[in-house]
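So the chains spell out like this:
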Amino acid sequence: MNKRTLIGIVLVLLLACALPFAVSEYRNFQFTLVLIYSIALLGLNILTGFNGQISLGHGAFYAIGAYCAAILMEQAGLPYWATIPLAGALCLGAGFLFGLPALRLEGLYLALATFALGVSLPQLLKYHRLEEWTGGVQGIVITKPDAPEFLSGLNLALNQDQWLYFFTLAVAVLMFLLARNLLRGRIGRAMMAIRDNPIAAEAMGINISLVKSLTFGISAMFTGIAGALSAIAVQFVAPDSFNIFLSITFLIGIVIGGLASIPGALYGALFIQFVPNIADEISKAAPWAIFGLFLLGFTYLMPTGIAGAIRLGWVRLTRKAHHKPSRVTTILP
Amino acid sequence: MDQFIHQVLAGLATGGIYASVALALVMIYQATHLVNFAQGELAMFSTYIAWALINAGLPYWGAFFLTVGFSFVLGVVIERVIIRPVENFPALAVVVVFIALLVILNSVTGWIYSFTIKSFPSPFPEQTLFGNKYMSSHEIGAIGVTLVLLLLLYAFFRYTPLGLAMRAAAQNPESSRLVGIRVGWMLALGWGLAAAIGSVAGMMVAPIVFLDPNMMGGVLLYAFAAALLGGIDSPGGAVFGGFLVGVLENVLGAFVIGNELKLAVALVLIIGVLTVRPSGFFGKVHVTRV
């Protein structure tokens, strides 16, 4: 990481820390959701962008994380922070197990299988035998956590929403660091090698099936942690908020944010949080029509997403006369 | 026992509708090797057109055939304008385009016709046929329509020069081009046919599930399961799969797992077929060369 990137990251973090004191409570909540979405998108991007496995059902893992947090808090009485790692671990396992049959499926077929998972999930959550835990159609209501006591001792009185924002920010920073280190390391290289040329990757001694199912698990873990955070932030889980459109929203987020790009997750999260708000004022159905048009537009014209556009713009701006432009990697051609 | 017979026959009726959508999926798969995620929404949109035509005062069958014609044109236009540019892109780009199409059709329909549930007329008489106590006449009619559709398609592909050209274009595009078949247009025709078949399915299912922009979600899933079960490249297999899935769904829903988990049947079928026997019952087994 060069000096300029580091300065940029520090600036963004400072800005993120100042944000809750500068905006209204409602905006603060929206930015908390942006952070949560960015973790979920990061998870999907690890799977789809870096490993080339298409998932149209990641809303399922988001839902598992959310339900796990809700059930642990309301029925087992666990504190909210303890549910995050547990939801992550559960989704890691669930993702790994779903990844095993998914190994035999490629491209369109994997998309199909995960699409089926996404469509049938709300029905599974409503199942009456599970109602004791899931609350059936009504879902579960969660109480909002308070800021810890020691903060007020430090003269830092945060209200609940502000505290939740900082808590989410801390988790998000941790997850982004984790993703960066993972993707730059041996496993990350193996993931990308499998995406680009599975046969060559196997010849290099990579255990394809292990890495692929592991990637599925890790990706599900990220998305599950995001789901748990969302349950705490929204204070409510119900089957119908995890329909297929949630999974499609995630797909839209990574395509528009930028495939195979870590900062792309953040751009995508900003997009899926704020663009529908703006479009909502036109008509109830408009956000999806606009999402769809954006998807088509990006696929045809800007397949590297916002992250690619920013990178390209930066290269163009700072290019010297005899300097070779650095290459922008693409998944979509 | 009566109950069981009733469930099986009702399953055959909905199975006919799944079979039609599965047939549409297979049409597009055969022509382009793509699985069309927007097939359900396309059919839903066509059904709304039919609804608008009927409300404008057209007789049912007039609206029916106008809608089929309109859907055919719509399918051709979508292939030419939207799918063409991504034809040779990797799977991810294609899936993204299909998903974009799905959400656009869904929300535009909601925008134009509102999201409130509407009833859709059936062309078949109210009272049951031949005084039987098992099936409503709409159910019998839906099965009949599916079978007629299948027969027409079979005749088209088997006995007409255009059908032969389309089969050739799907099987071996390079050689077909050399003998003067316009392969690009054959693919567009395939899309048009698929959209037309889908519209028939939409109009047959709408009296049962009622008309709303999300009505095809479940149907599409069952159709996927049906197409995979029969073999994604086999039209006859798709029809067989459709009827089988319809019966399985109804019987399992009524006697084994309850109505709440019906969609899970599709999920299990899809994942099961894909992992155990990806070519389905009648599909060709594909071998990839390293």
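Residues numbered from 1 in each chain as written. Chains lettered and ligands numbered in written order. Predicted model: local features only at pLDDT ≥ 70, side-chain atom pairs only at ≥ 80, totals over all residues. Heavy atoms only, no water.

S.K.: Whenever I open this one, the overall build of chain A confuses me. Can you help?
M.R.: Secondary structure summary: chain A contains 15 helices and 2 strands in total. For 333 residues, the compact-globule estimate of 2.2 N^0.38 gives 20 Å, and the C-alpha radius of gyration of chain A, at 20 Å, lies within 12% of that figure. C-alpha atoms of chain A, sized along the principal axes, occupy 60 × 50 × 45 Å. Looking at chain A residue by residue over its 333 residues, the buried ones come to 53%. (Helix = DSSP H or I, 4+ residues; strand = E, 2+ residues; numbered from the N terminus. Rg over C-alpha atoms; globule rule 2.2 N^0.38 Å. Buried < 20%, exposed > 50% of the residue type's maximum accessible area, 1.4 Å probe, protein only.)

S.K.: Would you mind showing me how to read the overall build of chain B here?
M.R.: Helix and strand content of chain B: 11 helices and 0 strands. Starting at the N terminus and walking to the C terminus, you meet the elements of chain B as α-α-α-α-α-α-α-α-α-α-α. Here the C-alpha coordinates of chain B stretch approximately 60 × 45 × 35 Å along the principal axes. For chain B, the proportion of its 290 residues judged to be buried stands at 58%. Considering only residue pairs separated by 6 or more positions, chain B has 75% of its internal contacts joining residues 24 or more positions apart. Total accessible area on chain B is roughly 12,100 Å²; 69% of this is exposed by carbon and sulfur atoms. (Contact = heavy atoms within 4.5 Å. Areas by Shrake-Rupley, 256 points an atom, 1.4 Å probe, with all protein chains shown as cover.)

S.K.: Would you mind going over the nonpolar core with me for this structure?
M.R.: General note: in soluble globular proteins, nonpolar side chains tend to be found buried as a group. Residues F115 and F242 of chain A together with F37 and F224 of chain B are the most contacted members of the largest nonpolar core, which totals 209 residues. It is helix 8 (residues 183–209) of chain B that contributes the most residues to this core, 15 residues altogether. Look past the residues within four positions of F242 of chain A in its chain and what remains in contact with it is G59, Y62, A63, A66, Y67, G118, L121, P122, L125 and V237 of chain A. (Core = buried A, V, L, I, M, F, W, Y, C linked by side-chain atoms within 4.5 Å.)

S.K.: What is the right way to look at helix 8 (residues 160–184) of chain A in this model?
M.R.: With 25 residues, helix 8 of chain A extends 36 Å between its outermost C-alpha atoms, agreeing within 8% with the 36 Å of an ideal straight helix rising 1.5 Å per residue. The residue sitting at the N-terminus of helix 8 of chain A and contributing the capping side-chain oxygen is N159 of chain A; that oxygen lies 3.2 Å from the backbone nitrogen of D161 of chain A. (Expected span 1.5 Å × (residues − 1). Polar contact = N/O pair within 3.5 Å; in protein donor to acceptor, adjacent residues only side chain to side chain.)

S.K.: Just to check I follow, could you spell out unusual backbone geometry for this structure?
M.R.: Excluding glycine, residues mostly have negative phi values, and the peptide bonds linking residues are mostly trans. One non-glycine residue, A260 of chain A, adopts positive backbone phi at about 55°. Assignment of secondary structure puts A260 of chain A in the loop between helix 12 (244–257) and helix 13 (262–280). A positive phi angle, near 70°, is found at F210 of chain B, a position not held by glycine. Along the chain, F210 of chain B turns up in the loop between helix 8 and helix 9 (216–230).

S.K.: I tried to follow the interface of chain B and chain A on my own but got confused; where do I start?
M.R.: Interface extent is often summarised as the accessible area lost during association of the parts. Of the residues lining the interface, 48 residues belong to chain B; the matching set on chain A comes to 45 residues. Surface buried jointly by chain B and chain A totals about 4,100 Å² across both partners, of which 83% is contributed by carbon and sulfur atoms. The interface formed by chain B and chain A holds 0 salt bridges in total. In this assembly, chain B and chain A are joined by 4 residue pairs in polar contact (both at pLDDT 80 or more). (Buried area = accessible area lost by both parts, 1.4 Å probe. Salt bridge = Lys/Arg side-chain N within 4 Å of Asp/Glu carboxyl O.)

S.K.: Got a minute to help me understand the confidence of the model for chain B in this structure?
M.R.: It should be kept in mind that the predicted coordinates are not to be read in detail where pLDDT is low. Residue-level pLDDT values for chain B average 86, and 96% of them are 70 or greater. The least confident element of chain B is helix 11 (residues 262–276) of chain B, whose mean pLDDT is 84; the most confident is helix 3 (residues 60–83) of chain B, at 93. (pLDDT = per-residue confidence, 0-100.)

S.K.: What is the right way to look at the pattern of salt bridges in this model?
M.R.: One side chain can pair with another of opposite charge once the charged atoms of both are near each other. For the structure shown, the criterion picks out 5 salt bridges over all chains. Here D161 of chain A ties to K144 of chain A by a salt bridge, and the two come within 2.7 Å at their closest N and O atoms. Remark: K144 of chain A occurs in the loop between strand 1 (140–141) and helix 7 (149–153) and D161 of chain A occurs in helix 8; sequence separation between them is 17 residues. Overall, the relative accessible area of 12% leaves D161 of chain A in the buried class. The closest approach of N and O atoms between E87 of chain B and R84 of chain B, which form a salt bridge, is 3.9 Å.

S.K.: I would appreciate a short explanation of the layout of surface pockets in the present structure.
M.R.: It is a probe the size of a water molecule, rolled over the atoms, that shows where empty space is left. Residues and elements named next belong to chain A. Of the volumes computed, that of the largest pocket is approximately 2,200 Å³. Every residue lining the largest pocket is counted, 45 residues in all, and those nearest its centre are T5, I9, I262, P263 and Y267. Contributing elements (two or more residues each) for the lining of the largest pocket: helix 1 (3–22), helix 2 (25–50), helix 8, helix 9 (186–196), helix 13 and helix 15 (305–318). Sort the elements by how many residues they give to the lining of the largest pocket and helix 1 lands first, with 11 residues. (1 Å grid on protein atoms, 1.4 Å probe; cavity = no way out; pocket = protein on both sides within 12 Å on 5 of 7 lines; lining within 4 Å. Points joined across faces, edges and corners; volume = space filled by probe spheres on them.)

S.K.: Help me out: how do you make sense of the packing of helix 8 of chain A against helix 9 of chain A in this one?
M.R.: For any two helices packed against each other, one specifies the inter-axial angle together with the distance between the axes. Residue and element names in this part refer to chain A. At their nearest, the axes of helix 8 and helix 9 sit 4 Å apart, and the two run at 70° to each other. Our classification of the angle between helix 8 and helix 9 gives roughly perpendicular. Mapping the contact onto sequence places L182, L183 and R184 in helix 8 and R186, I187, G188, R189, M191 and M192 in helix 9. Residues of the contact of helix 8 with helix 9, tallied by class, amount to 5 nonpolar, 1 polar and 3 charged. (Axes fitted to C-alpha atoms, helices over the stretch in contact; angles between N-to-C directions. Parallel < 35°, antiparallel > 145°, perpendicular 65-115°, else oblique. Nonpolar A, V, L, I, M, F, W, Y, C, P; charged D, E, K, R; others polar.)

S.K.: Looking at this model, I keep getting lost on the side chain of S20 of chain B. Mind explaining?
M.R.: Residue and element names in this part refer to chain B. Here S20 is to be found in helix 1 (residues 2–32). Its relative accessible area of 3% is what places S20 among the buried residues. When neighbours within four sequence positions are excluded, S20 is seen to be in contact with T146, L149, I197 and A201.

S.K.: Which parts of the structure should I look at to understand the side chain of N106 of chain B?
M.R.: Position of N106 of chain B relative to the elements: it lies in helix 4 (residues 91–113). Under the relative-accessibility criterion, N106 of chain B is labelled buried at 6%. A polar contact is formed between the side chain of N106 of chain B and the backbone oxygen of P213 of chain B, at a distance of 3.3 Å. When near neighbours in sequence (up to four residues on either side) are disregarded, N106 of chain B contacts F245 of chain A together with E41, M44, F115, P213 and N214 of chain B.

S.K.: Looking at this structure, I do not really get the packing of helix 2 of chain A against helix 12 of chain A. What am I missing?
M.R.: All names here are of chain A. Where helix 2 contacts helix 12, the two axes come as close as 9 Å, and the packing angle between them is 75°. The orientation of helix 2 with respect to helix 12, classified from their angle, is roughly perpendicular. When helix 2 is examined against helix 12, the residues Y37, A40, L41, L44, N45 and T48 are found in contact with a partner set consisting of F250, L251, G253 and I254. Tallied by class, residues from the contact of helix 2 with helix 12 come to 7 nonpolar, 3 polar and no charged.

S.K.: For this particular structure, what's the right way to read the packing of aromatic side chains?
M.R.: To describe a pair of aromatic rings, you give the distance between the ring centres and the angle between the ring planes. Scanning the entire structure with this criterion turns up 32 aromatic pairs over all chains. Ring plane angle 75° and centroid distance 6.5 Å describe the contact between Y60 of chain B and F120 of chain B, whose orientation is recorded as edge-to-face. Of this pair, Y60 of chain B sits in helix 3 while F120 of chain B sits in the loop between helix 4 and helix 5 (137–159), and the two are 60 residues apart along the sequence. Here Y60 of chain B and F120 of chain B have matching classes, each one buried. Each member of the aromatic cluster is reached from another via a ring pair, and the members are F245, F271, W288, F291, F294 and F298 of chain A. A cation over a ring is seen here: R80 of chain B above W185 of chain B, with NZ or CZ 4.2 Å from the ring centre. (Phe/Tyr/Trp six-rings, centres within 6.5 Å; stacked < 30°, edge-to-face > 60°. Lys NZ or Arg CZ within 6 Å of the ring centre and 35° of its normal.)

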